[in-house]
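Structural overview for review
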Amino acid sequence: MSDNLCTPGMFQPPRPEPIVPSGPRYEFTGTVRRRNTYGDEYINSIPASVFAATIDEATDKLRDAFGAKYDDFRNFWSHSVLIESVKEVR
């Protein structure tokens with residue numbers, strides 16, 4: 001039997017360089033609200049801000065940061081994002 005067997009996790013491919021956008025960047029400020037199990041009321045609200053190029057990217061980043069999950073059965077997100085202000089950052 002050969003001693004050169006590759007076990008899972010031994011080989012790590014090189015990480016790609018991060019893509020730095022050249023377009024405008026914005027600071028989105030808003031509130032992330034967590035819903036209850038049934039989605040009919042909010043349990044808590046947390047102010048948050050994030051840097052992103054678009055409002056869709058800002059929403060995705062905030063959902064990822066708070067661990068939001070989509071409920072396929074009830075068709076709603078566990079957290080809702082309410083963007084309150086946007087300002088351009090240079």
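Everything numeric in this text was worked out from a predicted model, so none of it was measured.

**Comments concerning the overall build of the chain**
Secondary structure summary: the chain contains one helix and five strands in total. If you list the helices and strands of the chain from N to C, you get β-β-α-β-β-β. Considering the chain as a whole, with its 90 residues, one finds that 21% of them fall into the buried category. Long-range contacts, defined as pairs at least 24 residues apart, comprise 53% of the intrachain contacts of the chain with a sequence gap of at least 6. Split by element, the accessible area of the chain, about 7300 Å² in all, is 54% carbon and sulfur.

**Looking at the sheet that holds strand E2 (residues 42-52)**
Consider a sheet: its strands pair through backbone hydrogen bonds, and that pairing is either parallel or antiparallel. Spatial ordering of the open sheet is given by E2-E1-E5, a layout of three strands whose pairing is antiparallel. Every other strand in the sheet has two partners, leaving E2 and strand E5 (79-89) as the edge strands with one partner each. The mean inter-strand angle of the sheet, taken between neighbouring strand axes irrespective of direction, is 15 degrees. Across the sheet, helix H1 (residues 55-65) touches strand E1 (25-35), E2 and E5, and the angle it forms with E2 is around 125 degrees.

Rules used in this analysis
- Residues numbered from 1 in each chain as written.
- Predicted model: local features only at pLDDT ≥ 70, side-chain atom pairs only at ≥ 80, totals over all residues.
- Heavy atoms only, no water.
- Helix = DSSP H or I, 4+ residues; strand = E, 2+ residues; numbered from the N terminus.
- Buried < 20%, exposed > 50% of the residue type's maximum accessible area, 1.4 Å probe, protein only.
- Contact = heavy atoms within 4.5 Å.
- Areas by Shrake-Rupley, 256 points an atom, 1.4 Å probe, with all protein chains shown as cover.
- Pairing = 2+ DSSP bridges.
- Axes fitted to C-alpha atoms, helices over the stretch in contact; angles between N-to-C directions.

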